[in-house]
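Chain residues, written in single-letter form:
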Amino acid sequence: MTRTERAEPAPVRLVLCDDHAVVRAGLCALLGSAPGIEVVGEADSGAEAVALAAKLVPDVVLMDLQLGDAMDGVEATRRITADSGGSVHVLVLTTYDTDADIIRAIEAGATGYLLKAERPDELFSAIHSAASGRTALSAPVAQRVMTRMRSPRPGLTDRQRDILGQLARGLTNRDIAKALFLSEATVKTHLGRIYDKLGVDTRAGAVAVAKEQRLLP
């Protein structure tokens, strides 16, 4: 090699995890055209992603959140980062941008969080950033994180904590009303306020955030 010649950097080795075959095929074709990125494995479930990450030790796992099996993307992220000691970076690529999803993924160890609406060049850049251990966030996600940090949500009332505890047990609105001697309309009103305070829009999201923030009674 002469002085003027420089060695090409090794490509980012990537494992792709998405449970939709068409989406995986599209991403593989897209990433195959990207400079400095090599797809070394594909997984259609969280369990398979964990196994491939342990076997192939890629630089980055591109992870969907909703995988349709017993292990979602958040749990897979948690296991991959724990098993690898943080040497395998997980970059979430999803359509979901609720506070609950973002918080769960980041707390599980995700290096970055991207939305599937991103432009290809933004995706390529985020993959290279993640491989280097640098945080990569879609602009809307970064805005939500900053807003949440600047404006902490108010705490829950004792009654709202009681309702949240019943919600975590899987009770319906009717069952919660009976257990707490309330009307169903009152339960619905409290649930709406709980969702607003936690920044979620589903029962599952409320329970997830409550567990992460230790809000359950």
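From a predicted model like this one, the values you see are computed outputs, not experimental measurements.

1. With respect to the nonpolar core
- Grouped together as the largest cluster of nonpolar side chains are 20 residues, with contacts concentrated most on L164, L167, I176, I194, L198, V200 and A206.
- For this core, the secondary-structure elements that each account for two or more residues are α7 (158-168), α8 (173-180), α9 (184-198) and α10 (203-212).
- Top element by residues in this core is α9. It accounts for five residues.
- Look past the residues within four positions of L164 in its chain and what remains in contact with it is L156, I194, L198, A206, A210, L215 and L216.

2. Overview of the packing of α9 against α10
- Where α9 contacts α10, the axes come no closer than 10 Å and their chain directions differ by 55°. Classified by the interaxial angle, the pair formed by α9 and α10 is oblique. The interaxial crossing formed by α9 with α10 has left-handed handedness. Here L191, Y195 and L198 of α9 come into contact with α10, specifically with R203, A206 and V209.

3. Some words on helix α3 (residues 73-84)
- Under the 1.5 Å per step criterion, the end-to-end length of α3 is 16 Å for twelve residues, consistent within 8% with the ideal 16 Å.
- Residues of α3 that are buried: G73, V74, A76, T77, I80 and T81. The arc that holds the buried residues of α3, viewed along the axis, is 160°, so those residues lie on one side. Exposed residues pointing more than 90 degrees away from the buried face of α3 are listed as A82 and D83.
- Buried residues along α3 sit in contact with α2 (46-56), β3 (60-63), β4 (89-94) and α4 (99-107).
- Capping the start of α3, D72 holds a side-chain oxygen 3.2 Å from the backbone nitrogen of V74, two or three residues further along.
- The first or second residue beyond α3 is G85, which carries a positive phi of 70°.

4. Here's the deal with the packing of α7 against α8
- It is at 10 Å that the axes of α7 and α8 come closest, and there the two elements cross at 130°. The angle between α7 and α8 falls in the class oblique. The two elements α7 and α8 meet at a crossing, and its hand is right-handed. The residues of α8 that touch α7, namely those facing R159, D162, I163, Q166 and L167, are I176, A179 and L180.
- Each residue belonging to the contact of α7 with α8 can be placed in one class, and the counts come to five nonpolar, one polar and two charged.

5. Structural notes on the pairing of strand β2 (residues 37-43)
- Pairing between strand β1 (residues 12-17) and β2: six bridges, direction parallel. By the bridge assignment for β2, V12 is matched with I37.
- The handedness of the β1 to β2 crossover, carried by helix α1 (residues 21-32), is right-handed.

6. Considering the confidence of the model for the protein chain
- Per-residue confidence for the protein chain averages 87 on the pLDDT scale, and 92% of its residues sit at or above 70.
- The secondary-structure element of the protein chain with the lowest mean pLDDT is helix α6 (residues 139-150), recorded at 73, while β3 shows the highest, at 97.

7. Focus on the side chain of D101
- By the element assignment, D101 lies in helix α4.
- For the buried D101, no salt bridge is present, and the opposite-charge side chain at shortest range is R104, 4.3 Å distant.
- Non-local contacts of D101, meaning those with residues more than four positions away in its chain, are made with L65, Q66, Y96 and Y113.

Rules behind the numbers
- Residues numbered from 1 in each chain as written.
- Predicted model: local features only at pLDDT ≥ 70, side-chain atom pairs only at ≥ 80, totals over all residues.
- Heavy atoms only, no water.
- Core = buried A, V, L, I, M, F, W, Y, C linked by side-chain atoms within 4.5 Å.
- Buried < 20%, exposed > 50% of the residue type's maximum accessible area, 1.4 Å probe, protein only.
- Helix = DSSP H or I, 4+ residues; strand = E, 2+ residues; numbered from the N terminus.
- Contact = heavy atoms within 4.5 Å.
- Axes fitted to C-alpha atoms, helices over the stretch in contact; angles between N-to-C directions.
- Parallel < 35°, antiparallel > 145°, perpendicular 65-115°, else oblique.
- Left-handed = near helix turned anticlockwise from the far one by under 90°.
- Expected span 1.5 Å × (residues − 1).
- Arc of directions from axis to C-beta.
- Polar contact = N/O pair within 3.5 Å; in protein donor to acceptor, adjacent residues only side chain to side chain.
- Nonpolar A, V, L, I, M, F, W, Y, C, P; charged D, E, K, R; others polar.
- Pairing = 2+ DSSP bridges.
- Right-handed = clockwise from strand over helix to strand, strands pointing away.
- pLDDT = per-residue confidence, 0-100.
- Lys, Arg positive; Asp, Glu negative; His and termini not counted.
- Salt bridge = Lys/Arg side-chain N within 4 Å of Asp/Glu carboxyl O.

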